[in-house]
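# Observations on the model geometry
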Amino acid sequence: FERRIEIASRAYRLLTEQVGMNPLDIIFDPNVLAVATGMPEHDSYAADFIRAAGWIKEHLPGAHISGGVSNLSFSFRGNNYIREAMHAVFPYHAIQNGMDFGIVNPSSRVSYEDIPKEQLDVIEDVILNRSSSASEHLIRLADSMMEAQKTSAQEGTAATSNEAVHRTDISV
């Protein structure tokens, strides 16, 4: 967080005071990286982006904030529902803190409101870095969802990904 705001502050000063750029033409990307990677130093990446977005909006008037949303879910490649749910939760909070633009997959089928409460709590714990065990809980959720989808496929049912997701029982 500190390094992000330090860089944004310096760039803003240089661009507005020395170059004469209109602050409305400045777009910062505080760079969100993958979370829930199993490496504790990565756990705060999403929360740090969100905090930096709020700081930029408050302290660097006129500047805009953009972010590449899909970066944060790289740890869950192959589990589209979890990735799409993370991509719904992150901008929900980032926008409330000042993010103006996001690079997202426009064909995502999951919205913040669609995510069942138990799953939402687990995903928000990761995005907002609310507990040291958040990554483990999300990994368990993702594994149980993948297992439910595999079981549905093996049973020959025509369950959609969402149906399997909503039948998945999680315990954290």
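Here is what the cut-offs are and how they apply
- Residues numbered from 1 in each chain as written.
- Predicted model: local features only at pLDDT ≥ 70, side-chain atom pairs only at ≥ 80, totals over all residues.
- Heavy atoms only, no water.
- Helix = DSSP H or I, 4+ residues; strand = E, 2+ residues; numbered from the N terminus.
- Expected span 1.5 Å × (residues − 1).
- Buried < 20%, exposed > 50% of the residue type's maximum accessible area, 1.4 Å probe, protein only.
- 1 Å grid on protein atoms, 1.4 Å probe; cavity = no way out; pocket = protein on both sides within 12 Å on 5 of 7 lines; lining within 4 Å.
- Points joined across faces, edges and corners; volume = space filled by probe spheres on them.
- Nonpolar A, V, L, I, M, F, W, Y, C, P; charged D, E, K, R; others polar.
- Pairing = 2+ DSSP bridges.
- Contact = heavy atoms within 4.5 Å.
- Axes fitted to C-alpha atoms, helices over the stretch in contact; angles between N-to-C directions.

## Quick look at helix H1 (residues 2-18)
- The terminal C-alpha atoms of H1, which comprises 17 residues, lie 23 Å apart, in line with the 24 Å expected from a rise of 1.5 Å per residue.
- Positive phi appears at Gly20, one or two residues downstream of H1, with a value of about 85°.

## Details of the environment of Gln119
- Locating Gln119 in the fold gives a position in helix H4 (residues 117-127).
- Taking the relative accessible area as the measure of exposure, Gln119 reaches 3% and is therefore buried.
- A sequence separation of 19 residues divides Gln119 from Leu138, and the C-alpha atoms of the two residues are 8.5 Å apart.

## Things to note about empty space enclosed by the protein
- Within this structure, the stated rule accounts for one cavity of 30 Å³ or more.
- In this structure, the largest cavity encloses a volume near 30 Å³.
- When contributions to the lining of the largest cavity are tallied by element, the ones reaching two or more residues are H4 and helix H5 (134-154).
- Of the residues belonging to the lining of the largest cavity, the class tally is two nonpolar, three polar and two charged.

## Things to note about the sheet that holds strand S3 (residues 101-103)
- In space, the three strands of this open sheet follow the order S1-S2-S3, with parallel pairing throughout. Unpaired on one side and paired on the other, strand S1 (27-28) and S3 mark the two borders of the sheet.
- Note: strand S2 (residues 64-68) against S3, three bridges, orientation parallel. The partner of Gly68 across the bridge, within S3, is Ile103.
- In this fold helix H2 (residues 45-59) packs onto S1 and S2, with an angle of close to 165° to the strand it touches most, S2.

Any functional reading would require information that these geometric values do not contain.
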